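Analysis of the macromolecular model
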Amino acid sequence: MGFKVLVTRIIPPKAQARLLEQNFELVQWDQDSSIPRNVLLEKVKGVDALFCLLTEKIDDELLDAAGPQLKVIATMSVGYDHIDVAAVKARNIKLGYTPDVLTDATADLTVLLALGASRRIKESIRAAENGAWGKWGPTWLCGSQFTHKTCGIVGLGRIGEAVGHRLKAFGISRFVYSGRSKKPEAEASLNAEFVPFDELLQQSDLVVICCALTKDTQNMFNYEAFSKMKNTVLIYETPLQVLVNSARGGIVHQDDLVRALEDDLIGAVGLDVTTPEPLPPSHKLYSFPNCLILPHVGSATMETRENMANMTLENILAGLSDKPLPYSI
Ligand code: GLV
Ligand code: GLV
């Protein structure tokens, strides 16, 4: 038997077949939901490598439970806010993730949310299904369009830039962005302007959140921020200003978002991420017709998920043979 490896879910079929070909002592969680914390703490004991998802919190408690032989942790995600990176590095454990491969899939879904929120897709689907189609008329279910509008991108990284290029094709005529640092190349390719966060809120018709969750971005979108967003005049309930978050739920102060929706500070919202995940079906946010919520499916295409799983496996294999990880944090 080779190295002991814990994989916290069944992975996409091609990568799963490749995983089974390895000479591992494989421990794999095969249920249809995330591995419970207590089971994870038990199963991680004595493993040499851990293949995890964003649903597993990687902290000192888990590293203690694993033991000193743990060589490598690879997460099948681009985000790594679920990992205490300093704690992992302090133990000289190699750490990998999956950058780049999910950029297109996530950018596609971000645009889908932006369009869906702007064009009142949730209400439209309900109207068709519930027999309200007879109300059809000149202003019925009117949304707003992107042509000649300003889009603000919070975090012009790979995903933010890919979202920008897609939105350009939909007629967005001006891009502004904010973030920790200027991004000269992405800025030039979108003809975007770097502005302070407050200005971005004031100027944008469409605000898309594409930054990582860090202590600086946590709850960045609070009631005060929502109050600064461009005034939303609701003519025939048309959402004139739209907010999309496909990054991490924690960037938005969710109770403040509920208040902002109640107070009509935002025209419409599209979310692929929430706090917590899953967001319980009884949550108030679901009750707003202008709040579209998806269950964190940004990277959920089979092509992308196979690639992510493969990269994670590459990271595990490199780590176990004491090589630098190909996709290292
Ligand atoms: C998705 O949210 C990821 O971080 O991979
Ligand atoms: C964020 O993770 C990005 O790649 O933009």
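Residues numbered from 1 in each chain as written. Chains lettered and ligands numbered in written order. Predicted model: local features only at pLDDT ≥ 70, side-chain atom pairs only at ≥ 80, totals over all residues.

Per an unreviewed UniProt entry, the chain goes by Glyoxylate reductase/hydroxypyruvate reductase and derives from Parasitella parasitica. Under the UniProt heading Sequence similarities (unreviewed entry), the note attached to the chain is "Belongs to the D-isomer specific 2-hydroxyacid dehydrogenase family." (UniProt positions renumbered as here; feature names shortened; annotations may be inferred.)

1. Re the overall build of the chain
Summing up its helical and strand segments, the chain has twelve helices and twelve strands in all. Radius of gyration (C-alpha) of the chain: 22 Å, near the 20 Å computed for a compact globule of 329 residues. Overall, the C-alpha framework of the chain stretches about 70 × 45 × 30 Å when taken along its three principal axes. Counting only residues that meet the buried cut, the chain has 44% of its 329 residues in that class. Partitioning the contacts of the chain with sequence separation of at least 6, the portion at a separation of at least 24 is 67%. (Helix = DSSP H or I, 4+ residues; strand = E, 2+ residues; numbered from the N terminus. Rg over C-alpha atoms; globule rule 2.2 N^0.38 Å. Buried ≥ 20, exposed ≤ 12 C-beta atoms within 10 Å, placed from the backbone. Contact = placed C-beta atoms within 7 Å.)

2. Let's talk about the sheet that holds strand S8 (residues 192-194)
In spatial order, the strands read S8-S7-S6-S9-S10-S11-S12; together these seven strands make up an open sheet with parallel pairing. The sheet is open, and its two borders are formed by S8 and strand S12 (291-293), each paired with just one other strand. Looking at each pair of strands side by side, their axes are set apart by 15 degrees on average, direction ignored. (Pairing = 2+ DSSP bridges. Axes fitted to C-alpha atoms, helices over the stretch in contact; angles between N-to-C directions.)

3. Remarks on the pairing of strand S3 (residues 49-52)
What you see with S3 is no split at all: Ala 49 and Phe 51 on one side and Leu 50 and Cys 52 on the other are buried throughout. Here strand S1 (residues 4-7) pairs with S3 via three bridges, running parallel. Across the sheet, residue Leu 6 finds its bridge partner in S3, namely Leu 50. Pairing of S3 with strand S4 (residues 72-75) involves four bridges; the strand directions are parallel. Across the sheet, Phe 51 pairs through a bridge with Ala 74, a residue of S4.

4. Observations concerning the site of ligand 1
Residues in contact with ligand 1, as listed here, are Leu 54, Ser 77, Val 78, Gly 79, Leu 102, Gly 298 and Ser 299. Across the shell around ligand 1, the residue classes break down as three nonpolar, four polar and no charged. (Near = placed C-beta within 6 Å. Nonpolar A, V, L, I, M, F, W, Y, C, P; charged D, E, K, R; others polar.)

5. Considering the domain arrangement of the chain
Segmentation of the chain into domains returns domain 1 (4-100 + 302-320) and domain 2 (103-293). The C-alpha centroid of domain 2 is placed 32 Å from the C-alpha centroid of domain 1. Counting residues at the interface gives four residues for domain 1, matched by six residues for domain 2. A per-class count over the side of domain 1 that touches domain 2 returns no nonpolar, two polar and two charged. (Domains from an automatic or database assignment.)

6. Focus on the nonpolar core
Among the nonpolar cores identified, the biggest contains 93 residues, and Leu 50, Phe 51 and Val 208 are the most heavily contacted of them. Residues from two domains meet in this core; each of domain 1 (4-100 + 302-320) and domain 2 (103-293) gives at least three. Residues in contact with Leu 50, not counting those within four places in the same chain, are Leu 6, Val 44, Ala 66, Leu 70 and Ile 73. (Core = buried A, V, L, I, M, F, W, Y, C linked by C-beta atoms within 7 Å.)

7. Quick look at unusual backbone geometry
Between Thr 275 and the following residue, Pro 276, the backbone shows a cis peptide bond with an omega angle of -10 degrees. Relative to the helices and strands, Pro 276 resides in the loop between strand S11 (268-271) and S12. Positive phi outside glycine occurs at Arg 120, with the angle close to 55 degrees. Within the secondary structure, Arg 120 sits in the loop between helix H5 (103-118) and helix H6 (121-129). Judged by local crowding, Arg 120 falls into the buried class, with 24 C-beta atoms found within 10 Å. Phi is positive for His 148, close to 65 degrees, though the residue is something other than glycine. Along the chain, the position of His 148 falls in the loop between H6 and strand S6 (150-154). Overall, the presence of 10 C-beta atoms within 10 Å leaves His 148 in the exposed class.

8. Thoughts on the site of ligand 2
Near ligand 2 you find Val 78, Pro 99, Thr 103, Gly 157, Arg 158, Ile 159, Gly 160, Cys 210 and Ala 212, and these make up its full shell. Per-element tally for the shell around ligand 2: the top contributor is helix H7 (residues 158-169), with three residues.

9. Points about the sheet that holds strand S2 (residues 25-28)
If you walk across this open sheet you meet the five strands as S2-S1-S3-S4-S5, and the pairing is parallel. Of all strands in the sheet, those bounded by a partner on one side alone are S2 and strand S5 (94-96). Looking at each pair of strands side by side, their axes are set apart by 15 degrees on average, direction ignored. Sheet strands in contact with helix H12 (residues 302-320) are S1, S3, S4 and S5, and its direction is about 170 degrees off that of S4.

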